[in-house]
Amino acid sequence: MTLLVHSAVRSIGSVYGKAATVRDALLEAIAPFGTLIVPTYTFAFCHGASFMADVTPSEMGALSEVVRKTYGAVRINHPIYSFALLGERATTLARLTYGHDDCFGRDSLLRSLPKWGAYILSIGLEWNDFWTQVHAIEQQEWEKDKALVPYRHMVNIRGYGMFARRLDAGVVTAVNPMGQRLEDAGIVRTGYVGEAPC
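Residues numbered from 1 in each chain as written. Predicted model: local features only at pLDDT ≥ 70, side-chain atom pairs only at ≥ 80, totals over all residues. Heavy atoms only, no water.

Chemist: Kindly report on helix 5 (residues 133-144), identifying the contributing residues and their values.
Modeler: Helix length check: helix 5, at twelve residues, gives a terminal C-alpha distance of 17 Å against a target of 16 Å (1.5 Å per residue), a fit within 8%. Restricting attention to buried positions, one finds in helix 5 the residues Q133, V134, H135, A136, E138, Q139 and W142. (Helix = DSSP H or I, 4+ residues; strand = E, 2+ residues; numbered from the N terminus. Expected span 1.5 Å × (residues − 1). Buried < 20%, exposed > 50% of the residue type's maximum accessible area, 1.4 Å probe, protein only.)

So, in structure tokens, the structure goes:
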């Protein structure tokens, strides 16, 4: 199983060992051949900060930083939308996205998840706070017909492509209603990890 996890570890409640314990539990759940993926985004790059995949900390919370620092983890080298992968297929999956400077493009990790049969788990976050996947879907539709997604456009940030919201369009990303429709239709499953809704 390939599992992408977005999380707010504090929402689980009291956990001995905190994020490291959550990492270990997730790895055990997908063992023996699973691959754990976490976002290790670094939006500071957009504001001039440097990025080095091996040392730049994740801005996406405790679990993402613990996974990034775990022996054997592989980090995708996109300075804005990077991911850390850990497990059986980590190196193979990371290689499939290597060299692509477009964070939501055809061979990006987010666009590749369906091909890999991956699952997405959110721990303690609302849809607005984790479903980056929607931007990959938007870009995929935009590539077919730009008129389908007029509120986004491709920008170049220090040599890296990013499909960004047009600030002049006055559009606010509101993913919660879409997530609710998926839940109501039974397309996604919900539950709890500790005290955290998933």
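Moving on from the model shown.
Chemist: Lay out the sheet that holds strand 5 (residues 119-123) with the relevant residues and their values.
Modeler: The strands that make up a sheet pair up through hydrogen bonds in the backbone, lying either parallel or antiparallel. One open sheet holds the five strands; their spatial order is 3-4-2-1-5, and the pairing between them is mixed. The open sheet terminates on both sides in strands that have one partner only, identified here as strand 3 (74-75) and strand 5. Where strand 1 (residues 2-7) lies against strand 2 (residues 35-39), three bridges are found, and the strand directions are parallel. Bridge pairing links L4 to I37 in strand 2. Where helix 2 (residues 62-69) meets the sheet, its contacts fall on strand 1, strand 2, strand 3 and strand 4 (83-87), and the angle it forms with strand 2 comes to roughly 125°. Sitting on the sheet, helix 3 (residues 90-97) is in contact with strand 1, strand 2, strand 3 and strand 4, with an inclination near 150° to strand 4. (Pairing = 2+ DSSP bridges. Contact = heavy atoms within 4.5 Å. Axes fitted to C-alpha atoms, helices over the stretch in contact; angles between N-to-C directions.)

Chemist: Quick one: what's the story with the packing of aromatic side chains, residue by residue and with numbers?
Modeler: What the rule picks out here adds up to nine aromatic pairs. For the pair Y41 and F43, a centre-to-centre distance of 5.8 Å together with 70° between the ring planes defines the contact as edge-to-face. Centroid distance Y41 to F83: 5.4 Å. Interplanar angle 90°. Geometry classified as edge-to-face. Here F83 lies in strand 4 and Y41 lies in the loop between strand 2 and helix 2, a separation of 42 residues in the sequence. One exposure class covers both Y41 and F83, and it is buried. Each member of the aromatic cluster is reached from another via a ring pair, and the members are Y41, F43, Y81, F83 and F104. (Phe/Tyr/Trp six-rings, centres within 6.5 Å; stacked < 30°, edge-to-face > 60°.)

Chemist: Kindly report on the confidence of the model for the protein chain, identifying the contributing residues and their values.
Modeler: With 98% of its residues at a pLDDT of at least 70, the protein chain reaches an overall mean of 92. Looking at the elements of the protein chain, mean pLDDT is at its lowest for helix 3, recorded as 86, and at its highest for helix 2, recorded as 98. (pLDDT = per-residue confidence, 0-100.)

Chemist: Explain the environment of F83 to me, and be specific about the residues and the numbers.
Modeler: Classification of F83 by relative accessible area gives buried; the value is 2%. Taking the C-alpha atoms as reference, F83 lies 8.3 Å from R68; in sequence the two are 15 residues apart. Non-local contacts of F83, meaning those with residues more than four positions away in its chain, are made with L4, I37, V38, P39, T40, Y41, V74, R75, I76, L109 and L110.

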